[in-house]
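# A structural walkthrough
Given next are the chains, with one letter for each unit.
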Amino acid sequence: MSLSDPALFDFLNPQGKGVTTVDSINDEKDFEEVSNSFRIMGFSTSDINDISKIVAGVLHYGNVKFNKIDVGGDEGSEINPSSVDSLYTACDIWGVKSDDMNRVLTSKCLKTMGDMVHVAYSTAAAIDARDAMVKKVYSELFQIMVNMINKVLSSETNKSRRENFIGVLDIFGFESFD
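Sequence order as written defines residue numbering, which begins from 1 separately in each chain. Given that the model is predicted, a residue must reach a pLDDT of at least 70 before its local features are reported, and side-chain atom pairs must reach 80 or more before they are shown or counted; all residues, however, enter totals for whole chains, interfaces and linings. Hydrogens and water molecules were not included; the side-chain quantities draw on all heavy atoms of the structure.

## Section: the packing of aromatic side chains
Two aromatic rings, drawn from Phe, Tyr or Trp (for Trp, its six-membered ring), form a pair once their centres lie within 6.5 Å of each other, and the interplanar angle then sorts them: stacked below 30 degrees, edge-to-face above 60, tilted otherwise. With the rule as written, the count across this model stands at two aromatic pairs. A ring pair is formed by F38 and F43, whose centres lie 4.9 Å apart and whose planes are at 40 degrees; its orientation type is tilted. Each member of the pair, F38 together with F43, is buried. Look at Y61 and W94: their rings are 4.6 Å apart centre to centre, the planes differ by 55 degrees, and that puts the pair in the tilted class. Residue Y61 is found in helix α2 (residues 45-61), and its partner W94 is found in helix α3 (residues 84-94); the two are separated by 33 residues along the sequence. Burial status follows relative accessibility: with a 1.4 Å probe on protein chains alone, a residue under 20% of its type maximum counts as buried, one over 50% as exposed, and anything between as partly exposed. A residue is classified by how much of its surface remains accessible, and Y61, at 0% relative accessible area, is buried. The secondary structure listing takes helices from DSSP runs of H or I that are at least 4 residues long and strands from runs of E that are at least 2 residues long, numbered from the N terminus.

## Concerning the pattern of salt bridges
Opposite charge on two side chains allows them to pair when their charged atoms are near. Salt bridges are defined as contacts in which a side-chain nitrogen from Lys or Arg sits within 4 Å of a carboxyl oxygen from Asp or Glu. With the rule as written, the count across this model stands at six salt bridges. Salt-bridge contacts for R39 lead to E32; the nearest nitrogen and oxygen are separated by 3.2 Å. Residue R39 is classed as partly exposed on the basis of its relative accessible area of 44%. The shortest N-O distance in the salt bridge between R103 and D100 comes to 2.7 Å. Residue R103 and its partner D100 are located together in helix α4 (residues 98-106), separated by three residues, close to a single helical turn.

Structure, rendered in structure tokens:
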């Protein structure tokens, strides 16, 4: 099993149906083409590394699972011990403290009468918090990449061509086609 194996990452296998392989698709070749495209578009090695780190972090955070715990008679959540390594790996990749991320993913912070109080998330709320965080980060990364590409396409060297830009239309439901 290699790191590019979708079975390693829950976000790449959301329905739990197992890994689908297509003989005509070569992930390593496709990755090299994407990397070359980044370089052609003027992305620096540092940019490409940062993009890879953000995506890798998203994938590892997707493997963080939660257990239900009792917090004063209410449902709370904790990181499932079997997925602590995923949390540590994701935090290390993104350069954040795992204790801080654990707290952010399992509770919300409320200010009451000048005091800060942490209120435990249920397991469903913890999953929602994790998913909202990685969706926001991934969305921001995507927008940054589109802006960088648009900047290259609209540079002085491309002014002789018609105005170039990239836009993405995401129509809800297309991913559901059989």
